[in-house]
Amino acid sequence: MKTIVIGVIGADVHAVGNKIIEFTLTNAGYHVVNIGVLSSQEDFINAAIETDADLILVSSLYGHGEIDCRGMREKCIEAGIADICLYVGGNIVVGKQDFSEVQRTFLDMGFDRVYPPGTPIDNALQDIREDLGE
Amino acid sequence: MANYLLIDFGSTFTKLCAVNTEAEDIIETASYFTTVDTDIRTGYHEALNRLFQKIGKQIDFEQVIACSSAAGGLKMAAIGLVEELTVEAAKRVCLGAGAKVDLVLSHHINKTEVQKIVNHKIDIILLAGGADGGNAECVIYNARLLGEMGIKIPIIFAGNKSAQDDISEIFNKYQMDGYICDNVMPKVNVMNIDAARDMIRKIFLDKIIEAKGIKAIENEIDAVILPTPNAVLEAAKLLSEGYLDEEGLGDIVVLDIGGATTDMYSMCSVSKRSDVIIHGLEEPFAKRTVEGDLGMRYSAPGIIKSLSQQEIEFINKEKKVDIKEEVEKRYNDVKCLPQNEHDEFIDLFLAEVCAYRAMHRHVGRIEEVYTPMGKVYNQTGKDLTDIKYVIGTGGAIINTKDKESILKRTTNILHNPSELRPTDPIFLVDQKYIMAAMGLLKEKNPLLALRIMKKYIVEI
Ligand code: B12
């Protein structure tokens with residue numbers, strides 16, 4: 001069974017979406033490790049190491065996603081999980097910025113997939129299946 | 001009428017506590033130096049003579065049981081994967097079992113680290129790593145390296161259950177003294193203490209006390225049943241929770257400042273508040289932390305190390321002493337007792353630093369996060385703000401005049417809002433030094449142990 005670590009990054013307390021993501025991914029047959037809201041990059045990475053996770057799925061709802069996610073890939077490399085899949089979604093930046101630019105920024109930061117505001121988690125299931133090969 | 005004799009073979013003193021079950025009271029206590037280096041029985045006999053002298057006659061005991069931290073106590077190495085997770089979980093299990101954790105290792109260990117296990121004369125290794133179903137590679141690698149390097153000291157495997165079969169094979173292949181146990185962290189941030197703790201206790205009794213020359217005493221007494229710090233933890237838990245109709249004291253902290261370590265125990269849930277979000281590894285109700293670098297004699301140099309040069313100069317000026325020299329003196333003569341007011345004054349100061357620092361490391365932290373609904377609080381570690389009693393035990397506290405000034409150092413004297421220290425506790429002292437004994441008595445008669453503690457652990 002593939003393992004996915006989920007959580008809400010930074011000082012972000014939006015808890016509802018996180019529960020829905022846990023529910024949806026579990027129903028889709030994944031082993032979900034939910035570290036909850038107010039989680040740091042290190043919390044995600046530590047959990048991924050101990051559980052031998054295949055994917056870290058980061059939520060950011062309050063608009064500070066860019067600051068909170070910066071350097072995460074580098075930390076994964078340092079921690080010995082350089083190849084882990086990284087997704088990010090929610091409302092990752094403030095307001096209505098041009099999404100293709102936002103996407104570019106996050107891809108450059110080393111995220112494998114970046115989702116625009118309002119993407120329900122179900123829309124990502126296809127990508128997950130593709131990336132994790134199951 | 002039944003008499004029980006409860007013995008604590010401590011690192012320095014062998015302490016006896018005789019209890020009468022009918023009177024529900026302590027008959028007498030007595031102590032003598034621990035003589036484990038030559039023959040543990042000598043010190044016991046001396047202490048027993050003193051006890052009978054105090055009582056005025058010889059008496060018989062229906063039960064004689066003991067705990068021990070003699071001959072260096074129980075020295076353990078905790079190995080895990082990630083520091084904040086399985087390493088921390090393994091460390092906490094060792095501490096909860098009454099061990100001293102002399103080595104803490106993470107990720108793939110190397111040969112130098114394995115050599116350290118040998119050099120430090122570790123008694124038991126606790127090998128963890130990986131949540132169940134998670135990373136197995138690292139812990140298998142570590143077990144194999146330990147095997148290849150010929151490690152024969154007892155090893156408890158308490159990591160990822162998916163690695164159990166491989167680990168068993170490695171234990172067999174290298175003829176290691178291995179034991180398989182439930183994972184200390186089956187899921188991320190979830191702790192499972194009991195199985196590994198019970199295994200540690202069992203190995204301590206089956207093997208370690210024998211190896212340390214403590215077992216010889218079992219010709220004369222019924223049994224050694226616990227490591228001393230574990231007995232204290234059990235006593236603290238009983239005193240906090242109560243037993244049947246006999247009420248406990250509720251949330252408590254116990255501080256034990258010794259020559260080599262400062263032990264802190266807290267008995268309470270992680271938080272009582274509904275407006276906090278709690279982070280990190282699950283916290284046990286009964287938590288013990290040990291500071292191996294904070295102590296009154298062997299570990300006095302650690303106190304100096306924990307101070308900045310500026311702080312040292314300030315202390316020297318303020319107290320008109322040379323604190324480095326004073327510490328040196330105590331380190332070189334670990335059995336020295338204060339001879340005059342000056343010595344007492346220095347010991348008091350050292351104990352205060354131990355109390356302050358040990359709580360700094362034991363206590364939880366909180367930070368505020370703002371939302372339009374008001375503040376939200378992010379907490380890691382235990383919230384001790386509502387602790388009702390802070391209890392002092394151990395010679396350094398019991399024998400000093402100014403007990404309160406030491407125990408006060410566990411509270412928030414510096415008004416640091418991020419540290420969840422006890423706010424306004426009542427200070428108690430284990431005046432007869434009986435907590436370890438009562439942890440032993442708990443195994444036979446918890447109600448009696450509780451009543452005796454409530455009688456003799458008194459307000460300052
Ligand atoms: C409820 C709410 C709150 C509550 C949260 C209560 C709680 N503990 O959960 C409170 C009042 C605390 C709150 C506070 C704030 N909020 Co608010 N909040 C909302 C609100 C109204 C609903 C959120 C919700 O629960 N939605 C329902 C769930 C199911 O949806 P979701 O969270 O979006 O999650 C789904 C998807 O986003 C997606 N998803 C999420 N993560 C990921 C990841 C991947 C990889 C993928 C594929 C998909 C995905 O899947 C989820 C499930 O379907 C939204 C507006 C809105 N309608 O979305 C604003 C909103 C999220 N909040 C906002 C803001 C600005 C704040 C504050 C900063 C306000 C302030 N000025 O103080 C604070 C921040 C507090 C903090 N530190 O986090 C903004 C964010 C703006 C931005 N990013 O550009 C929003 C969008 C409102 C707005 N339009 O301005 N908020």
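Placed above this text is the structure.
> Help me get a handle on the interface of chain A and chain B, residues and values and all.
Residue-level contacts link 14 residues of chain A with 19 residues of chain B. Carbon and sulfur atoms make up 67% of the surface buried where chain A meets chain B, a total of about 1,300 Å² over both sides. There are 8 residue pairs in polar contact (both at pLDDT 80 or more) connecting chain A and chain B.

> Got a sec to walk through helix H2 (residues 41-51) of chain A? Specific residues and values, please.
Most of H2 of chain A sits out of view: 9 of its 11 residues are buried. Considered for burial, the residues of H2 of chain A that qualify are Gln41, Phe44, Ile45, Asn46, Ala47, Ala48, Ile49, Glu50 and Thr51 of chain A. Tucked into the core, H2 of chain A has its buried residues touching strand E1 (3-8), strand E2 (31-34), strand E3 (55-60), helix H3 (65-69) and helix H4 (72-78) of chain A together with helix H2 (83-96) of chain B. Positioned one or two residues after H2 of chain A, Asp52 of chain A has a phi angle of 55 degrees, which is positive.

> Residues and numbers for the site of the ligand, please.
What surrounds the ligand is a group of 31 residues, the closest being Ala11, Val13, His14, Ala15 and Ser59 of chain A. In this structure, Asp12 of chain A approaches the ligand through a side-chain N or O atom, which is 3.3 Å from an oxygen atom. Contact distances for the ligand include 2.8 Å between an oxygen atom and a backbone N or O atom of Val13 of chain A. Breaking the shell around the ligand down by element, the ones donating at least two residues are helix H1 (16-27), E3 and strand E4 (85-90) of chain A together with strand E15 (365-371) of chain B. For the shell around the ligand, the element with the most residues is H1 of chain A, which contributes 4 residues. When grouped by side-chain class, the residues that make up the shell around the ligand number 20 nonpolar, 10 polar and 1 charged.

> How would you sum up the packing of aromatic side chains? Please name residues and give values.
All names here are of chain B. All chains considered together, the criterion is met by 6 aromatic pairs over all chains. Between Phe13 and Phe33, the ring centres sit 5.2 Å apart and the planes meet at 20 degrees, which makes this aromatic pair stacked. With Phe13 in strand E2 (residues 13-20) and Phe33 in strand E3 (residues 25-33), the pair connects residues that are 20 residues apart, well separated along the chain. On the accessibility criterion, Phe33 (37% relative accessible area) is partly exposed. Taken together, the aromatic side chains of Phe13, Tyr32 and Phe33 make up a single cluster linked through ring pairs.

Parameters at a glance
- Each residue is numbered by its place in its chain's sequence as written, counting from 1.
- Chain letters start at A and ligand numbers start at 1, both assigned in the order the entries are written.
- Residue-level local features of this predicted model are given only where pLDDT is at least 70; pairs of side-chain atoms are given and counted only at 80 or more, and the full residue set underlies all totals for whole chains, interfaces and linings.
- Side-chain descriptors were evaluated using all non-hydrogen atoms of the structure, hydrogens and water having been removed beforehand.
- Between two residues, a contact is recorded if the distance between any of their heavy atoms is within 4.5 Å.
- Accessible-area loss on putting two parts together, using a 1.4 Å probe and summing over both, is the definition of buried area adopted here.
- Nitrogen and oxygen atoms within 3.5 Å of one another constitute a polar contact, given that in protein one can donate a hydrogen and the other can accept it, and given that sequence-neighbouring residues count only through two side-chain atoms.
- Exposed residues in this analysis have more than 50% of their type's maximum accessible area, buried residues have under 20%, and partly exposed residues fall in between, with area computed by a 1.4 Å probe over protein chains only.
- The helix count covers DSSP runs of H or I at least four residues long, the strand count covers runs of E at least two residues long, and both are numbered beginning at the N terminus.
- The near set for a molecule or strand comprises every residue that places at least one heavy atom within 4 Å of it.
- When residue character is reported, Ala, Val, Leu, Ile, Met, Phe, Trp, Tyr, Cys and Pro are called nonpolar, Asp, Glu, Lys and Arg charged, and the others, Gly included, polar.
- For this analysis, a ring pair means two rings from Phe, Tyr or Trp (six-membered ring only for Trp) whose centres lie within 6.5 Å, classed as stacked if their planes differ by under 30 degrees, edge-to-face if by over 60, and tilted for the remaining angles.

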